[in-house]
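This is what each chain is made of:
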Amino acid sequence: MILIFALFLLTLLVITAIAIVRTDDLFVAVMLTSIFSLLMAANFFILDAADVALTEAAVGAGVTTVIFLCALELTGDREKARVGGRWIALSTVGILALLIIYATFDKPRLGDPDAPVHQHLAPWYLEKTPEYIDIPNVVTAILGSFRGYDTLGEVFVVFAACIGVLFILGVSPSRKNQPVIKKSSGLRHHLIPQVVGRLLIPFIVLFGLYVQFHGEYGPGGGFQAGAIIATGIILYALLEGESEALRAIPRGVLLGMVIGGALLYGGVGVACMLMGGTFLDYSVLAADPVFGQQLGILIIEAGVGMAVCGALLAIFHAFAARERLS
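Attention in this report is confined to the structure presented alongside it.

So, how was this worked out
Residues numbered from 1 in each chain as written. Predicted model: local features only at pLDDT ≥ 70, side-chain atom pairs only at ≥ 80, totals over all residues. Heavy atoms only, no water. Helix = DSSP H or I, 4+ residues; strand = E, 2+ residues; numbered from the N terminus. Buried < 20%, exposed > 50% of the residue type's maximum accessible area, 1.4 Å probe, protein only. Contact = heavy atoms within 4.5 Å. Areas by Shrake-Rupley, 256 points an atom, 1.4 Å probe, with all protein chains shown as cover. Lys, Arg positive; Asp, Glu negative; His and termini not counted. Charge placed at Lys NZ, Arg CZ, Asp CG, Glu CD. Salt bridge = Lys/Arg side-chain N within 4 Å of Asp/Glu carboxyl O. Core = buried A, V, L, I, M, F, W, Y, C linked by side-chain atoms within 4.5 Å. Phe/Tyr/Trp six-rings, centres within 6.5 Å; stacked < 30°, edge-to-face > 60°.

**Notes on the overall build of the chain**
Then, number 1: A tally of helices and strands in the chain yields 14 helices and 0 strands.
Then, number 2: In the chain, the succession of helices and strands from N to C terminus is α-α-α-α-α-α-α-α-α-α-α-α-α-α.
Then, number 3: Per-residue burial for the chain yields a buried fraction of 38% across its 326 residues.
Then, number 4: Considering only contacts within the chain whose residues lie at least 6 apart along the sequence, 70% involve residues at least 24 apart.
Then, number 5: Accessible area for the chain stands at about 18900 Å²; split by element, carbon and sulfur atoms hold 71% of it.
Then, number 6: Looking at the chain, you have 19 positive and 24 negative side-chain charges, and the mean spots of the two groups are 16 Å apart.

**Focus on the side chain of Glu216**
Then, number 1: Looking at where Glu216 falls in the secondary structure, it is placed in the loop between α9 (191–213) and α10 (222–240).
Then, number 2: Buried and unpaired, Glu216 has Arg147 as its nearest opposite-charge partner, separated by 17 Å.
Then, number 3: Filtering out sequence-adjacent residues up to four positions away, Glu216 remains in contact with Ile135, Pro136, Asn137, Thr140, Gln294 and Leu298.

**So, the nonpolar core**
Then, number 1: Counting residues in hydrophobic clusters, the biggest one holds 49 residues, and the most contacted among them are Tyr265, Tyr282 and Leu313.
Then, number 2: Elements that contribute at least two residues to this core include exactly α3 (50–72), α8 (148–169), α9, α10, α12 (251–274) and α13 (289–320).
Then, number 3: Here this core takes 14 residues from α13, the largest share from any one element.
Then, number 4: Discounting chain neighbours no more than four positions away, the residues touching Leu313 are Ala230, Ile233, Ile234 and Leu254.

**Here we look at the packing of aromatic side chains**
Each aromatic ring pair is described using two quantities: the centre-to-centre distance and the angle formed by the ring planes.
Then, number 1: Using the criterion set out here, one finds 8 aromatic pairs in the structure.
Then, number 2: For the ring pair Trp124 and Phe146, a centre distance of 5.4 Å and an interplane angle of 70° mean the geometry is edge-to-face. Of this pair, Trp124 sits in helix α6 (residues 121–132) while Phe146 sits in helix α7 (residues 138–146), and the two are 22 residues apart along the sequence.
Then, number 3: By relative accessible area, which is 27% here, Phe146 ends up partly exposed.

**Digging into the environment of Met273**
Then, number 1: Mapped onto the elements, Met273 comes out in helix α12.
Then, number 2: Among the residues examined, Met273 registers a relative accessible area of 47% and is labelled partly exposed.
Then, number 3: Separated by 11 residues in sequence, Met273 and Val284 have C-alpha atoms that sit 8.8 Å apart.
Then, number 4: Ignoring sequence-local partners within four residues, the contact set of Met273 consists of Thr278 and Phe279.

**Some points on unusual backbone geometry**
Then, number 1: We note that Asp48 has phi near 65°; this positive angle belongs to a residue other than glycine.
Then, number 2: Mapped onto the elements of the fold, Asp48 is located in the loop between α2 (26–46) and α3.

**Quick word on the pattern of salt bridges**
Then, number 1: What the rule picks out here adds up to 6 salt bridges.
Then, number 2: Between Asp112 and Arg109 there is a salt bridge, and its shortest N-O distance comes to 3.9 Å.
Then, number 3: Overall, Asp112 belongs to the buried group, its relative accessible area being 17%.
Then, number 4: Across the salt bridge formed by Glu131 and Lys128, the nearest N and O atoms sit 3.6 Å from each other. Pair noted here: Glu131 and Lys128 are both in helix α6, with a separation of 3 residues, about one helical turn.
Then, number 5: Among the residues examined, Lys128 registers a relative accessible area of 17% and is labelled buried.

As structure tokens, this is what we get:
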């Protein structure tokens, strides 16, 4: 039954992707892209990747769709006709598709116990996580501790992406004396969105906090929590207007969250070195090495959540403020 449902979802993915490419209406393309993200989230759940599914649903179907709509307001409604180059693009896509399909022939079967990853890495992680870290969620242990360097790099990628978008859009956080024009009151005059939104926002933020602090025991962590909380705050901005959202969390605070989250993660690594350990070796943070690992993961996940949430909200406000500042 699960296999049939998975094939059905994959078929819908292909149909949606073709529709996105074929449509000339940019608004329709954005909506189809959001549907594509929801279908991908469902596929991730089927593959038991619940943490990735949460991120895909929050970022792909939620935040990214809103940012696309904000960008669409600054452009035309329909895609301009291309002049030449179509066959080059089609040939490139076709060759890459054939190469990817050919590469899949050498991949192990899904869930194959004889696959290399199940013969070497996975058994070691499953055996050593209870001994070294003692948390039920092995994925969190891998991302936060065993692969702490990699996750730190991802946080700084989020930081660099946020700064890059702000530079491209020309939004300066130092314009404190510039008045915020209340030309848009959001959807506050629409009863149904107001009632439904105000009902959902507290639960969205609460669920984000649950994902943040329950990542050791179930799917979740800083990336997922930051995206979910940002989704709730963006919904508040859509309902009440951007000025109200900025009054609740000013742009300077958002940038402070991005910078502070990255520095908090790196600062934990420096603290480990000052306490006699190696960089990001949380065992030295407490007398009990296992508790030190748990404490370190909790702190760095908080930094990840701050950075992701701040980056998504800063990018959203940068798009929303583009027309006003221009």
